Amino acid sequence: MTTHKADKIIACITAIPSGMVASYGQIAELAGIARGHRVVAKFLKQDNSVSDLPWHRVIRADGKLGFPIGSRMFLQQMTQLKVEGVVAKNNRIDMKRYAWQPTLDFILFHPDL
DNA sequence: CTGATGACTATAG
DNA sequence: CCTATAGCCATCA
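Note that this is a predicted model, so its numbers are computed, not measured.

The rules behind each value
Residues numbered from 1 in each chain as written. Chains lettered and ligands numbered in written order. Predicted model: local features only at pLDDT ≥ 70, side-chain atom pairs only at ≥ 80, totals over all residues. Heavy atoms only, no water. Core = buried A, V, L, I, M, F, W, Y, C linked by side-chain atoms within 4.5 Å. Buried < 20%, exposed > 50% of the residue type's maximum accessible area, 1.4 Å probe, protein only. Patch = residues over 30% accessible without salt bridge, like charges linked within 9 Å, V, L, I, M, F, W, Y side chains within 5 Å. Areas by Shrake-Rupley, 256 points an atom, 1.4 Å probe, with all protein chains shown as cover. Salt bridge = Lys/Arg side-chain N within 4 Å of Asp/Glu carboxyl O. Near = heavy atom within 4 Å. Polar contact = N/O pair within 3.5 Å; in protein donor to acceptor, adjacent residues only side chain to side chain. Helix = DSSP H or I, 4+ residues; strand = E, 2+ residues; numbered from the N terminus. Nonpolar A, V, L, I, M, F, W, Y, C, P; charged D, E, K, R; others polar. Expected span 1.5 Å × (residues − 1). Arc of directions from axis to C-beta. Contact = heavy atoms within 4.5 Å. Axes fitted to C-alpha atoms, helices over the stretch in contact; angles between N-to-C directions. Parallel < 35°, antiparallel > 145°, perpendicular 65-115°, else oblique.

What is the right way to look at the nonpolar core in this model?
Taken as a class, soluble globular proteins show a tendency for nonpolar side chains to be buried jointly. If you look at the biggest cluster of nonpolar residues, it comprises 19 residues, and the most contacted ones within it are Ile9, Ile13, Ile16, Ile27, Val40, Leu44 and Val58. Leu65, Phe74, Met78 and Val86 belong to the second-largest nonpolar core, a separate cluster that totals eleven residues.

Looking at this structure, how should I read a nonpolar patch on the surface?
On the surface, Leu104, Ile107 and Leu108 cluster together into a nonpolar patch covering about 320 Å² of accessible area. When its relative accessible area of 60% is taken as the criterion, Leu104 is described as exposed.

What's the story with the protein's contact with DNA strand C in this structure? I'm lost.
The environment of DNA strand C is made up of Thr3, Lys5, Ile33, Ala34, Arg35, His37, Arg38, Val39 and Lys64. Taken together, the sugar and phosphate atoms account for 64% of what DNA strand C places within 4 Å of the protein. One nitrogen or oxygen atom from the side chain of Arg35 is found 2.8 Å from a phosphate oxygen belonging to DNA strand C. Note that a base oxygen of DNA strand C is positioned 2.9 Å from one of the side-chain N or O atoms of Arg38. Broken down by element, the residue count for the surface near DNA strand C peaks at three residues, all from helix 3 (residues 37–46). Here the surface near DNA strand C is composed, by residue class, of three nonpolar, two polar and four charged.

Any chance you could explain the pattern of salt bridges here in plain terms?
Side-chain pairs of opposite charge can arise whenever the charged atoms involved come near each other. Enumeration according to the criterion identifies one salt bridge in this entry. In this structure, Glu84 and Arg57 form a salt bridge, with 2.9 Å as the shortest nitrogen-oxygen distance. Linking Glu84 in the loop between helix 4 (72–83) and helix 5 (95–98) with Arg57 in the loop between helix 3 and strand 2 (58–59), this pair joins segments that are 27 residues apart in sequence. Glu84 gets classed as buried once you look at its relative accessible area, which sits at 16%. We classify Arg57 as buried; its relative accessible area is 11%.

Explain helix 1 (residues 4–15) here, please?
Note on helix geometry: an α-helix contains 3.6 residues per turn, so any two residues three or four positions apart are oriented the same way. With twelve residues, helix 1 extends 18 Å from end C-alpha to end C-alpha; this agrees with the ideal 16 Å at 1.5 Å per step. When we look at burial in helix 1, the residues that qualify are Ala6, Lys8, Ile9, Cys12 and Ile13. All buried residues of helix 1 lie within an arc of 160° about the axis, which places them on one face of the element. Across helix 1 from its buried face, at more than 90 degrees, point the exposed residues His4 and Asp7. Buried residues in helix 1 make contact with helix 2 (24–30), helix 3, strand 2 and helix 6 (104–109).

Looking at this model, I keep getting lost on the packing of helix 1 against helix 3. Mind explaining?
Geometrically, a packed helix pair is captured by the angle between its two axes and the distance between the axes. At a closest axis distance of 11 Å, the pairing of helix 1 and helix 3 adopts a crossing angle of 90°. Classed by the angle they form, the pair helix 1 and helix 3 counts as roughly perpendicular. Two secondary-structure elements touch here, helix 1 through Ala6, Ile9, Ile10 and Ile13 and helix 3 through Val39, Val40, Phe43 and Leu44. Per-class residue counts for the contact of helix 1 with helix 3 are eight nonpolar, no polar and no charged.

How should the environment of Thr3 be read in this particular structure?
Here Thr3 lies in the segment before helix 1. Separated by 34 residues in the primary sequence, Thr3 and His37 place their C-alpha atoms 16 Å from one another.

Below is the structure:
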């Protein structure tokens, strides 16, 4: 996907610090796509080619992952998150604790977002 | 332009 | 906890 929106989405996902996570909706808003959570989902579904993209830090707003519990991708994502210090209990992640709060400087650094 | 799609979300029961 | 539903929006055929 070589679109204008894609670049912003990539920029935002890349900005998520290790040890923290962000929801699809959160990324969409930061990328300038209000209520475009599904756009982010579709993007990740197709563009899995981008290397060094911390896609594992993008999870659902309710703390669950975007993959079916127990699936190969699910386990891979959970493993990677655990490595970064993000632990889940009962296949869920405590958003109150791990949700990334974009700093003001990040937002100001991307006026167009 | 029209309709379909998607690793989503909020709400209701 | 679960399923069902409507809403969502950029992208693509």
